[in-house]
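Reading the structure
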Amino acid sequence: MNFIKEAVEQYAHDHTHQEEDLLTRLEEETYERLEIPHMITGRIEGRLLKMLARLIQARRILEVGTFSGYGALSLAEALPEDGSLLTFEIDPEAVAFARKYFAESAHGKKITLMEGPALDHLKTLQGPYDMAFIDADKVNYLNYYETILPLIRRQGLIVVDNVLWSGRVLDPQDESDRAIHALNERVRTDDRVEAVMLTVRDGIYCIQKR
Ligand SMILES: C[S@@+](CC[C@H](N)C(=O)[O-])C[C@H]1O[C@@H](n2cnc3c(N)ncnc32)[C@H](O)[C@@H]1O
């Protein structure tokens, strides 16, 4: 969901530097082949993730929710040759799709995709990580945040997608609405971090660890 007019969104898209051809092809095939293709990160958010990762000179990144691999490959572009990105995905069809593109990309060797529920994997990890991108099942958003924050280095970054949830966080009705609102409230009052909520796309929370 975007909060601004389609034509303005298109203008912003057209004035954001273009992704590499492989990502354009990945996005096209996502729309042809996968269910709920609009879950894909896409150009504006993908370029933003890459820029943020580069600005903090990230070397180790986590991603919760791989889907077709757009966000993972965007972030991996910012990593040095010996950098690494660990990404988690529960849907076998998405796993196979993303792996195909990781194998084709020059940055794919930096990416490890772990299949299965992300929380199970996250609980086995040791930090420090420089950055995390949370973009999976909304009911677990607070669990992801609380599990990941201790793994992040000081001044490291957590980026959370869909935190405005088409505006439903203003009047939460179902479980996902309430879960996202609970995460937003937790971050707002959490003195371990400093956060900025962007109204880009469906709301992007940029949370820096103090
Ligand atoms: C919004 S999409 C992710 C988009 C992706 N980050 C990108 O850059 O295009 C959310 C993904 O999270 C996955 N997912 C949902 N619940 C999950 C879980 N418990 N563990 C791991 N992945 C999960 C879904 O299958 C879906 O592919």
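Note that this is a predicted model, so its numbers are computed, not measured.

Among the secondary structure elements, Lys100 is positioned in helix H5 (residues 92-104). When the C-alpha positions of Lys100 and Thr16 are compared, they lie 26 Å apart, and in sequence the two are 84 residues distant. What Lys100 contacts, discounting residues up to four positions off in sequence, is Glu29 and Arg33.

Next up on the list: the site of the ligand. Around the ligand sit 20 residues, and of these Thr41, Gly65, Gly71, Glu89 and Asp135 come closest. Residue Ile90 places a main-chain N or O atom 3.3 Å away from a nitrogen atom belonging to the ligand. Because more than half of its atoms lie within 2 Å of the grid, the ligand is assigned to the largest pocket.

Here we take up the pairing of strand E1 (residues 60-64). Most of E1 is tucked away: four of the five residues are buried. A crossover links E1 with its parallel partner strand E2 (residues 84-89), the connecting element being helix H4 (residues 70-78), and its sense is right-handed. Pairing between E1 and strand E4 (residues 129-134): four bridges, direction parallel. Counterpart to Val64 in the pairing with E4 is Ile134.

With respect to the secondary-structure elements, Ser105 resides in the loop between H5 and strand E3 (111-115). At a separation of 2.9 Å, a polar atom in the side chain of Ser105 contacts the main-chain amide nitrogen of His107. The contact partners of Ser105, leaving out residues within four places of it in the chain, are Leu22 and Leu73.

Parameters at a glance
Residues numbered from 1 in each chain as written. Predicted model: local features only at pLDDT ≥ 70, side-chain atom pairs only at ≥ 80, totals over all residues. Heavy atoms only, no water. Helix = DSSP H or I, 4+ residues; strand = E, 2+ residues; numbered from the N terminus. Contact = heavy atoms within 4.5 Å. Near = heavy atom within 4 Å. Polar contact = N/O pair within 3.5 Å; in protein donor to acceptor, adjacent residues only side chain to side chain. 1 Å grid on protein atoms, 1.4 Å probe; cavity = no way out; pocket = protein on both sides within 12 Å on 5 of 7 lines; lining within 4 Å. Sits in = over half its atoms within 2 Å of the grid points. Buried < 20%, exposed > 50% of the residue type's maximum accessible area, 1.4 Å probe, protein only. Right-handed = clockwise from strand over helix to strand, strands pointing away. Pairing = 2+ DSSP bridges.

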